[in-house]
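Chain by chain, the residues:
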Amino acid sequence: MKLENLNSFTYLIVLSFVSLSINADTLYTELGGSEGINKLVTKAVEVSHADQRIAFLFEDSDDEELIIQISDQICFLSDGPCEYDGQDMDEVHSGMEITEAEFDIFVAIVIDAMEYADISHSSRNKLLALLAPMREEIINQ
Ligand code: HEM
C-alpha cells in the first residue's frame, strides 16, 4: 500500500471513531432527554406527596421549582445540555433532618418513577450510581 493511500485509510478510521463518539448515547439521551427526565421527576415528586412516610417533608415545597431544579441537576449529571444552578445538596436539605429510611423511600420512589418513564434497567442503574454519593450530603442535615 502506498503511503498516500495509507494516510487516507488512517484518516477514514479516525473519522469513523469521531462519528462513533458523536453518535454514542449519553445517559441523558438514554433517560429520554429533557422530556423523559421531566416525566420521571414529576412522577417522583407527585408520589412523594402521596406517600405518608415522607409527605410531611414536602408540605411546603414549591413543586414547580423543585421539578425544574431536580430535572436540571439530573440533566447535568447525565451529560445533557444543562447547568445546575440550584443550591448545594447539604444546604437545600438542611434542617429537614432526613433519615436514612426516608432517603431510601425517596430512592425507591425514584426507581418506580424511572420504570414509569420507560427507562431501561441499565440506565436506571447508571442514574442511581450518580445519585448514591449524594446520600451523605442529604441525610441528617
Ligand atoms: C439523591 C437524592 C436527592 C436529590 C438528587 C435531591 C435534589 C434536590 C434538589 C435539586 C432540590 C432543589 C434545590 C434548589 O431549589 O435549589 C431539592 C430540594 C428538596 N428536596 Fe431533595 N433531593 C434528594 C433527596 C431528597 C429526599 C430523600 C427528600 C425527602 C425525603 C428530599 C426532599 C426535598 C425537599 C422537601 C426539597 C425542598 C423543596 C422546596 O423547598 O421547595 N430530597 N432536592
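Treat the numbers as computed from the prediction; the structure is a model and nothing was measured.

Participant: A description of the site of the ligand should follow, citing residues and the corresponding values.
Facilitator: Near the ligand you find 21 residues, and of these S61, Q69, G86, F106 and L131 are the closest. For the shell around the ligand, the secondary-structure elements that each account for two or more residues are α4 (63-77) and α6 (100-116). With five residues, α4 is the largest single contributor of residues to the shell around the ligand. When its residues are assigned to classes, the shell around the ligand shows twelve nonpolar, six polar and three charged.

Participant: A description of the environment of H93 should follow, citing residues and the corresponding values.
Facilitator: Within the secondary structure, H93 is located in the loop between α5 (89-92) and α6. In sequence terms H93 and E137 are 44 residues apart; their C-alpha atoms lie 8.3 Å from each other. If sequence neighbours within four positions are ignored, H93 has contacts with I98, I138 and Q141.

Participant: Which residues make up the packing of helix α3 (residues 33-50) against α4, and what values do they have?
Facilitator: For the pair α3 and α4, interaxial distance at closest approach is 9 Å and the crossing angle is 130°. Put simply, α3 runs oblique to α4. Here α3 runs over α4; the crossing is right-handed. From α3, S34, I37, N38, V41, T42 and V45 reach across to α4, where they touch D63, L66, I67, I70, S71, I74 and C75. Of the residues contributing to the contact of α3 with α4, the split by class is eight nonpolar, four polar and one charged.

Participant: Could you give an account of the confidence of the model for the chain, naming the residues involved and the relevant values?
Facilitator: Looking at the chain, pLDDT values average 90 and 83% of them are 70 or higher. Low pLDDT (under 50) marks residues 11-23, which in the prediction has zero contacts with non-local residues, meaning those over four places away or in another chain.

Participant: Any details on the environment of V47? Residues and values, ideally.
Facilitator: For V47, the position within the fold is in helix α3. Overall, the presence of 19 C-beta atoms within 10 Å leaves V47 in the partly exposed class. Linking V47 and D112, residues 65 residues apart in sequence, is a C-alpha distance of 9.6 Å.

Participant: How would you explain the packing of α3 against α6 if you had to name every residue and give the values?
Facilitator: Running from N to C, α3 and α6 cross one another at 135°; their axes reach a closest spacing of 8 Å. If you check the angle between α3 and α6, you find them oblique. Between α3 and α6 lies a crossing whose hand is right-handed. For the pair α3 and α6, the contacting residues are L40, K43, A44, V47 and S48 in the first and F106, I109, V110, D112, A113, M114 and Y116 in the second. Its residues placed into classes, the contact of α3 with α6 shows nine nonpolar, one polar and two charged.

The rules we used
- Residues numbered from 1 in each chain as written.
- Predicted model: local features only at pLDDT ≥ 70, side-chain atom pairs only at ≥ 80, totals over all residues.
- Near = placed C-beta within 6 Å.
- Helix = DSSP H or I, 4+ residues; strand = E, 2+ residues; numbered from the N terminus.
- Nonpolar A, V, L, I, M, F, W, Y, C, P; charged D, E, K, R; others polar.
- Contact = placed C-beta atoms within 7 Å.
- Axes fitted to C-alpha atoms, helices over the stretch in contact; angles between N-to-C directions.
- Parallel < 35°, antiparallel > 145°, perpendicular 65-115°, else oblique.
- Left-handed = near helix turned anticlockwise from the far one by under 90°.
- pLDDT = per-residue confidence, 0-100.
- Buried ≥ 20, exposed ≤ 12 C-beta atoms within 10 Å, placed from the backbone.

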